[in-house]
Amino acid sequence: VSTQSTGSAELAAAVWWSTILLLKLATFGVVVGVTRNIRKVYANPEDCQLVGKNPEDAKTSDVIIERQRRAHLNDKENIIPFIGLIFVYAISGAGEAGCVTLVSQIFTAARIVHTIVYIGQVRQPARALAFFVGVICNVYLGVKVLLHMY
């Protein structure tokens, strides 16, 4: 078991790419909200009242908004584990800064492509391929840490 401390380059790469992914998560919720306002589709009665609509007009079945919302939920389910894994990978010394950066770039690109093909309704297997590239990155990081620490 190696317990040597990692260099700051690995940690800096993990911080940089995690911040980009967190900004994607933070801003995408705003995109969904703006789309709701543009399409005048509100999920809650109080939101309808706020804009002068009948509270009974609240609905959660708008196809475009639901695709955006599901893409955002999928990001949450995949980006949060990645951030944990990339930091563990960087801190554990399982990989060098170049590898932290490369895996982060691949994962980030996969998540961006996944969002574009999900919202753009690009036919399968485009979305599945983008999804599995991200999954492979997460599995790779986890396995590398476990092997390194064993």
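Residues numbered from 1 in each chain as written. Predicted model: local features only at pLDDT ≥ 70, side-chain atom pairs only at ≥ 80, totals over all residues. Heavy atoms only, no water.

**Overview of the overall build of the protein chain**
As a reminder, the rule being used: Numbering of helices and strands starts at the N terminus; helices are DSSP runs of H or I of at least 4 residues and strands are runs of E of at least 2. The quantity called the radius of gyration is restricted to C-alpha atoms. Its globule counterpart is 2.2 Å times the number of residues to the power 0.38. Buried residues are those whose accessible area, probed at 1.4 Å on protein chains only, stays under 20% of the maximum for their type, while exposed residues exceed 50% and partly exposed ones sit between those limits. Exposure was quantified through the Shrake-Rupley algorithm and a 1.4 Å probe, taking into account, for residues, occlusion by the shown protein chains and nothing else. Think of it this way: Lys and Arg go in the positive column, Asp and Glu in the negative one, and His and the chain ends go nowhere. For the purpose of locating charges, the reference atoms are NZ of Lys, CZ of Arg, CG of Asp and CD of Glu.
Helices and strands together make up the secondary structure of the protein chain, namely five helices and zero strands. Ordered by position from the N terminus, the helices and strands of the protein chain form the series α-α-α-α-α. Taking 2.2 N^0.38 as the reference for a compact globule, 150 residues should give roughly 15 Å; the C-alpha atoms of the protein chain span a radius of gyration of 19 Å, well beyond that estimate. Its C-alpha atoms give the protein chain principal-axis dimensions of roughly 65 × 30 × 20 Å. In the protein chain, buried positions account for 35% of the 150 residues. Accessible surface for the protein chain amounts to roughly 8600 Å². Of this, 66% is attributable to carbon and sulfur atoms. Taking the 14 positively charged and 10 negatively charged side chains of the protein chain as two groups, their mean positions are separated by 7 Å.

**Comments concerning unusual backbone geometry**
Cis geometry is adopted by the peptide bond preceding Pro125, which originates at Gln124 and carries an omega value of 15 degrees. Position of Pro125 among the secondary structure elements: in the loop between helix H4 (97-119) and helix H5 (126-149). Of note, the phi angle at Gln121 is positive, near 55 degrees, even though the residue is not glycine. Looking at where Gln121 falls in the secondary structure, it is placed in the loop between H4 and H5.

**Points about the packing of helix H1 (residues 8-39) against helix H3 (residues 63-92)**
Here is the rule: To get an axis, a line is fitted to the C-alpha atoms, and for a helix only the part in contact is used. The angle between two axes follows their N-to-C directions and goes from 0 to 180 degrees. An angle below 35 degrees is read as roughly parallel, one above 145 as roughly antiparallel, one from 65 to 115 as roughly perpendicular, and any other as oblique. Only Asp, Glu, Lys and Arg are considered charged in this grouping, and only Ala, Val, Leu, Ile, Met, Phe, Trp, Tyr, Cys and Pro are considered nonpolar; every other residue, Gly among them, is considered polar.
At a minimum axis distance of 10 Å, the contact between H1 and H3 shows a crossing angle of 170 degrees. Judged on the interaxial angle alone, H3 and H1 are roughly antiparallel. Of the residues belonging to the contact of H1 with H3, the class tally is 20 nonpolar, five polar and eight charged.

**Let's talk about the pattern of salt bridges**
Keep this limit in mind: In the sections that follow, a salt bridge refers to a side-chain nitrogen of Lys or Arg positioned within 4 Å of a carboxyl oxygen of Asp or Glu.
Summed over the entire model, instances satisfying the criterion amount to four salt bridges. We note a salt bridge from Asp62 to Arg39, for which the minimum N-O separation is 3.0 Å. Of the two residues, Asp62 is situated in the loop between helix H2 (45-50) and H3 and Arg39 in helix H1; the sequence distance between them amounts to 23 residues. Residue classification places Asp62 among the buried residues on the basis of a relative accessible area of 8%. On the basis of relative accessible area, Arg39 is assigned to the partly exposed category, the value being 38%. With a closest N to O distance of 2.8 Å, Arg111 and Asp75 form a salt bridge. Here the residue Arg111 occupies a position in helix H4, and Asp75 occupies one in helix H3, the gap between them amounting to 36 residues. For Arg111, a relative accessible area of 0% puts it in the buried group. Its relative accessible area of 0% is what places Asp75 among the buried residues.

In short, the description is geometric, and any link to function would need to be established separately.
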